[in-house]
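# Structure assessment
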Amino acid sequence: MRPRHLKALRVGVSVMFFALIALVFLDFGNLIPPAFTRGLLYLQFVPSLLQFLHGAPLGLAGWVVVLALTVLFGRIYCSTVCPLGTIQDIIGFAARKRRKGRGLRFVRPDRFWRYFIAAITGLLLIAGSGLLLNLLDPFSASGRIFSDLIRPAAIVANNIAAGAMEQFGFYAVSRRQWAILTPLAGGVAVATLMIVAWLAATHGRTYCNTVCPVGTLLGLVSRISWLRIGIDSETCTECRRCERVCKAGCIDLENMTVDSERCVGCCNCLTVCPGDAVRVVNGWRRVPAAQPDQGRRDFLVHSGVSILGLAGLAETNATVLQSRPTTVPEAVKGPVSPPGSVSIGRFTSICTACHLCVSVCPSRVLSPSLLEFGPSGIMQPRLNFRAAHCNYECTLCSEVCPTGAILPLAKDEKKLTQLGVARFIKENCVVFTDNTSCGACSEHCPTKAVRMVPYPNPQNKPLVIPEVDPDYCVGCGGCEHACPTKPFKAICVDGNPVHKTAKKPLMHVLEIRTDDSDDFPF
Amino acid sequence: MDRRHFLKNVIGGGIVAGSTMAFGGYAQLLAATGEPAAAYDLVAVRGGEPDVMFDRAMASLGGMQAFVPKGSRVLVKPNIGWDVTPDRAGNTNPKLVARIVEHCLQAGAREVSVFDHTCDPWAQCYRNSGIERAVRDAGGKIVSGDSEGYYQRVAVPGGQRLTEAKVHGLLLESDVFINVPVLKHHSSTMLTVGMKNMMGVVWDRGYWHRNDLHQCIADFMTFRKPTLTVVDAYNVMKQNGPRGVSAGDIVLMQSLIVSTDPVAADAAAAKLFGVEPADIRHIELAAKMQVGRMDLGSLSINRIKL
């Protein structure tokens, strides 16, 4: 069997996934409903796996579907669902278009580095640090490329267009602001893109087959896949066309074998074979050779190990979570994690820093952290009140998070979730230093945890000064963001290592609700 | 064009009908000829819906055409500061904003734009305040104020503490500027009305807070006074302002104030709210700087009860 249309199908599906994922990250106007985003990202392996390990129901386990697909069809995930795979295909396609003639060649598998990187990633994760996973996970790496590189560039283009249209009195295209750009996250995104692009342009899918831990895991699974690419040695003329288009470099014409562990199921080979030598074959049919048995045995060993590993992972993280409140030194302002993340320990152990929440946050308060969450929390988003404050009415980040690092929160729940507590520093306050009115903090406070109280002053001016009631504070940062003093704010939010529940805002209902006096007081 | 015609007819008819009810035959005559009905400094209306009260107020001021020349560009600046629904009265009443847009278009304005530099995220404020939709339906243009790129540096000629500010380009481009604040309690300035609402046309509000807020509010009025100030006092937030905590902060007052004098409008609104204008420092400062008059006794006021 040699279905030529499989490549077209693969290209179609991958472009669709890629375009929609790009759209979700570049949706300036928050037009895409969160439910659509969740559905779209259902199959993303690492986010889905992390979500599952932290107790999501099986219905949310898109990774199981991916494993099942891999058992059936090999690593088609890498050629359709994975956005980084498509990024590589686009770059490789463009690069090879420019340099006609030279094709790709079979390469020996780099098993040492492949397993070594995957093992270190797994061990680090078990030890409680998702650092390497966050760096290497193809979805999160793509997310950072979209969020930290392409989105700002798109916003610049949008603003240039908006500015040009304003000259003619058109205001239909709105100028946009971006989240605070952190050089670290931007730098990591640039580095990732450059490395991946170079590998894709010169070597094909080396990232997927040597670096990517998801590729390695799915490669192990695809050793037992049902349908796979095979070469019929009798009809093959060794024209090498298949080898030259194989991005994975997995077609070995010397031995007439295809390394299904590395094959990403792109189906390029099927399309170019002039004869009928490259075929889709049934991997489960018993053949006399001893090879398949070995593969099955290997798989059983590997899968047994990985399941044990996963079980250990789930448990270890639970204990890690308890032993990590020290990420927030008392003396320094603790970082504030997004509403729905429950605690900083929990958040940092699940978040893969894909920056989808950073992209969708309408207030732009979410921005990639540097070392605020500790070394393994690098690039994970925190609430940056220098940039903005968390909108009281908004729960978008919790609705789109693909890993479950930010759990869904109902609006009423969110309004009582205390992310941190405001602390007033009187010595910095305008009312204290200048004896003039301000109250920007209290103005922005949605719960009136920051209220203005009479302030006796030497000049006997009728002044009021802020006072914080921590019980009602939700840590949204409205006060800190609005506080106009520089360089140090007169009010700031100390993040709660574990989110708490704030008291319901006091709602004094006015006694007189209707003023129906007929007269004018003037 | 059909919509324009339709609105013209509807509003024209509404104004005539309203005037008839208020003044009998004379007003109809005056409204029809377009002459200034009376040299009122300020019109206050009580007891109606926001749009009806505005129709009546404008009729007594000689109709919108007295303020909006044909072919002019109009900026309507409501308060859209917060991501709250209309029942919370944290933002200007959408019905009133829509009616103002309709009046301007009916008077022959080339275009009517609406924006605010919001405190909460702008898209959410625009949407949930109901103002975005109301303005679009009325035929106006809703414009973002959420990028420093929109704002241009200008000098504030008579400013004491505020000598320059970055102002939204639309304010600089517009021929007519209608300020439409909502009357609210304010945790720090005690009250927010028209002059305080001007903080939504500048980029760096922090500077004002940092440098004697009341003085800056008064200072900015020396840059540009609104053609009209329309104070929405339909639902009035009497406590927990300016954002409000619940609908329990609201008193239904069903009032509206329209004036060409921004200080007089604020002073009258203060009285409605129940405080003395002199107790609101920026009102007093603005009066001293001769931006307008706060002595309501010396003004000719038309008081309309519906």
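All values reported here derive from a predicted model rather than from experimental measurement.

## Details of the overall build of chain A
Of the regular secondary structure elements, chain A holds 22 helices and ten strands. Each of the 522 residues in chain A was classed as buried or not, and the buried ones make up 55%. Partitioning the intrachain contacts of chain A with sequence separation of at least 6 by distance along the chain shows that 73% fall at a separation of at least 24. Carbon and sulfur atoms make up 65% of the accessible area of chain A, which totals about 23300 Å².

## Here's the deal with the packing of aromatic side chains
All told, the structure shown has 18 aromatic pairs over all chains when counted by the stated rule. Pairing Phe520(A) with Phe522(A) gives two aromatic rings, centres 5.8 Å apart and planes at 45°, and the pair type is tilted. Taken individually, Phe520(A) and Phe522(A) each receive the classification buried, so the pair is uniform in this respect. Ring plane angle 50° and centroid distance 5.3 Å describe the contact between Tyr151(B) and Trp203(B), whose orientation is recorded as tilted.

## Thoughts on the interface of chain A and chain B
Counting residues at the interface gives 50 residues for chain A and 59 residues for chain B. In this assembly, chain A packs against chain B so that about 4600 Å² is buried in total across both faces, 53% of it on carbon and sulfur atoms. For the pair chain A and chain B, the interface holds five salt bridges. Put simply, Asp515(A) and Arg46(B) hold a salt bridge, and the shortest N to O gap is 3.6 Å. Mapped onto the side of chain A that touches chain B, the elements with two or more residues apiece are helix 20 (430–434) and helix 21 (440–444) of chain A. Top contributing element to the side of chain A that touches chain B by residue count: helix 21 of chain A, with four residues.

## A short note on the side chain of Arg46(B)
Here Arg46(B) is to be found in strand 1 (residues 42–46). Here Arg46(B) falls in the buried class, since its relative accessible area comes to 5%. Of the polar contacts made by the side chain of Arg46(B), one reaches the backbone oxygen of Asp515(A); its length is 3.3 Å. Within the local environment of Arg46(B), its side chain forms a polar contact with the side chain of Ser517(A), the two groups lying 3.3 Å apart.

## Describing the pairing of strand 3 (residues 111–114) of chain B
Residues and elements named next belong to chain B. Burial along strand 3 is two-sided: Glu111 and Ser113 and Val112 and Val114, pointing in opposite directions, are all buried. Looking at chain direction, strand 3 and strand 4 (residues 141–142) are connected through two bridges and run parallel. Residue pairing for strand 4: Val114 is matched across the bridge by Ile142.

## A closer look at the environment of Val45(B)
Mapped onto the fold, Val45(B) is located in strand 1. Put simply, Val45(B) and Glu276(B) are 231 residues apart on the chain and 20 Å apart in space, counted from C-alpha to C-alpha.

## Thoughts on the packing of helix 9 (residues 138–166) of chain A against helix 10 (residues 183–202) of chain A
Residue and element names in this part refer to chain A. Close contact between helix 9 and helix 10 brings their axes to 9 Å; oriented N to C, the two are set at 120°. Classified by the angle their axes make, helix 9 and helix 10 are oblique. Between helix 9 and helix 10 the crossing geometry is left-handed. On helix 10, the residues that touch Ala141, Arg144, Ile145, Asp148 and Leu149 of helix 9 are Ala185, Gly186, Val188, Ala189, Val190, Thr192 and Leu193. Of the residues in the contact of helix 9 with helix 10, the class split is eight nonpolar, two polar and two charged.

## Quick look at the confidence of the model for chain B
All names here are of chain B. Averaged over every residue, the pLDDT of chain B is 90; residues scoring 70 or more account for 88%. Under a pLDDT of 50 for its full length, residues 16–37 has, in the predicted model, 21 contacts with residues more than four places off or in other chains. We note a pTM of 0.85 for the whole complex and an ipTM of 0.87 for its interfaces.

## Observations regarding the pattern of salt bridges
This structure, assessed with the given rule, holds 37 salt bridges over all chains. Among the ionic pairs, Arg243(B) bridges to Asp120(B), the shortest N-O distance being 3.1 Å. Of this pair, Arg243(B) sits in the loop between strand 10 (228–237) and strand 11 (250–259) while Asp120(B) is found in the loop between strand 3 and helix 5 (122–128), placing the two residues 123 residues apart along the sequence. Asp120(B) carries the same exposure label as Arg243(B), and that label is buried. Salt bridges linked by common partners bring Arg10(A), Asp89(A), Arg205(A) and Lys247(A) together as one network.

## Looking at the environment of Arg10(A)
Residues and elements named next belong to chain A. Positionally, Arg10 belongs in helix 1 (residues 5–26). Judged by relative accessible area, Arg10 falls into the buried class, the value being 9%. In sequence terms Arg10 and Ser79 are 69 residues apart; their C-alpha atoms lie 7.0 Å from each other. With near-sequence residues (within four places) excluded, Arg10 lies in contact with Ser79, Thr80, Asp89, Lys247, Gly265, Cys266 and Asn268. Within the structure, the side chain of Arg10 is placed 2.9 Å from the backbone oxygen of Cys266, a separation counted as a polar contact.

## Quick word on the packing of helix 4 (residues 94–106) of chain B against helix 6 (residues 131–138) of chain B
All names here are of chain B. Between helix 4 and helix 6, the least distance of the axes is 8 Å, while the angle of their chain directions is 25°. With respect to their mutual orientation, helix 4 and helix 6 come out roughly parallel. Helix-helix and strand crossings are classified by hand; for helix 4 and helix 6 the assignment is right-handed. Contact with helix 4, carried on its side by Pro94, Val97, Ala98, Val101, Glu102 and Leu105, involves Ile131, Ala134, Val135 and Ala138 of helix 6 and no other residues of that element.

## Examining the state of the cysteines
Residue and element names in this part refer to chain A. Using the criterion set out here, one finds zero disulfides over all chains in the structure. The thiol sulfur of Cys208 is not disulfide-bonded, and the nearest other cysteine sulfur, from Cys78, lies at 6.1 Å. With relative accessibility at 7%, the residue Cys208 sits in the buried group. In this structure Cys492 is a free cysteine whose sulfur lies 8.3 Å from that of Cys479, the closest cysteine sulfur available. Look at Cys492 and you get buried, because its relative accessible area is 4%.

## Concerning the confidence of the model for chain A
Residue and element names in this part refer to chain A. Mean pLDDT over chain A stands at 87; residues scoring 70 or higher make up 90%. Segment residues 288–295: pLDDT under 50, and three contacts once partners within four positions in sequence are set aside and those in other chains are kept. Note that residues 297–332 has pLDDT below 50 and, in this model, 34 contacts with residues that lie over four places away or in other chains.

## Describing unusual backbone geometry
With omega at -10°, the peptide bond leading from Lys486(A) into Pro487(A) counts as cis. Among the structural elements, Pro487(A) can be located in the loop between helix 22 (478–482) and strand 10 (491–501). The peptide bond linking Gly241(B) to Pro242(B) adopts the cis configuration, its omega dihedral lying at 5°. Here Pro242(B) shows up in the loop between strand 10 and strand 11. At Arg240(A), a position not held by glycine, the phi torsion is positive, near 70°. Structurally, the position occupied by Arg240(A) is in the loop between strand 1 (227–231) and helix 13 (241–245). Unusually for a residue other than glycine, Val342(A) sits at a positive phi of about 70°. One can find Val342(A) in the loop between helix 15 (291–322) and helix 16 (344–350). Owing to a relative accessible area of 40%, Val342(A) belongs among the partly exposed residues under this scheme.

## Details of the nonpolar core
Grouped together as the largest cluster of nonpolar side chains are 102 residues, with contacts concentrated most on Met64(B), Ile100(B), Ile178(B), Leu183(B) and Phe220(B). Ranked by the residues each element gives to this core, the list is headed by helix 11 (residues 262–273) of chain B, at nine residues. Once residues within four sequence positions are removed from consideration, Ile178(B) is found in contact with Met64(B), Val74(B), Leu75(B), Val76(B), Lys77(B), Ile100(B), Cys104(B), Leu228(B) and Val230(B). Ranked by size, the runner-up nonpolar core spans 92 residues in total, among them Phe45(A), Cys401(A), Ala422(A) and Val430(A).

Each value, and the rule that gives it
- Residues numbered from 1 in each chain as written.
- Chains lettered and ligands numbered in written order.
- Predicted model: local features only at pLDDT ≥ 70, side-chain atom pairs only at ≥ 80, totals over all residues.
- Heavy atoms only, no water.
- Helix = DSSP H or I, 4+ residues; strand = E, 2+ residues; numbered from the N terminus.
- Buried < 20%, exposed > 50% of the residue type's maximum accessible area, 1.4 Å probe, protein only.
- Contact = heavy atoms within 4.5 Å.
- Areas by Shrake-Rupley, 256 points an atom, 1.4 Å probe, with all protein chains shown as cover.
- Phe/Tyr/Trp six-rings, centres within 6.5 Å; stacked < 30°, edge-to-face > 60°.
- Buried area = accessible area lost by both parts, 1.4 Å probe.
- Salt bridge = Lys/Arg side-chain N within 4 Å of Asp/Glu carboxyl O.
- Polar contact = N/O pair within 3.5 Å; in protein donor to acceptor, adjacent residues only side chain to side chain.
- Pairing = 2+ DSSP bridges.
- Axes fitted to C-alpha atoms, helices over the stretch in contact; angles between N-to-C directions.
- Parallel < 35°, antiparallel > 145°, perpendicular 65-115°, else oblique.
- Left-handed = near helix turned anticlockwise from the far one by under 90°.
- Nonpolar A, V, L, I, M, F, W, Y, C, P; charged D, E, K, R; others polar.
- pLDDT = per-residue confidence, 0-100.
- Disulfide = S-S within 2.5 Å.
- Core = buried A, V, L, I, M, F, W, Y, C linked by side-chain atoms within 4.5 Å.

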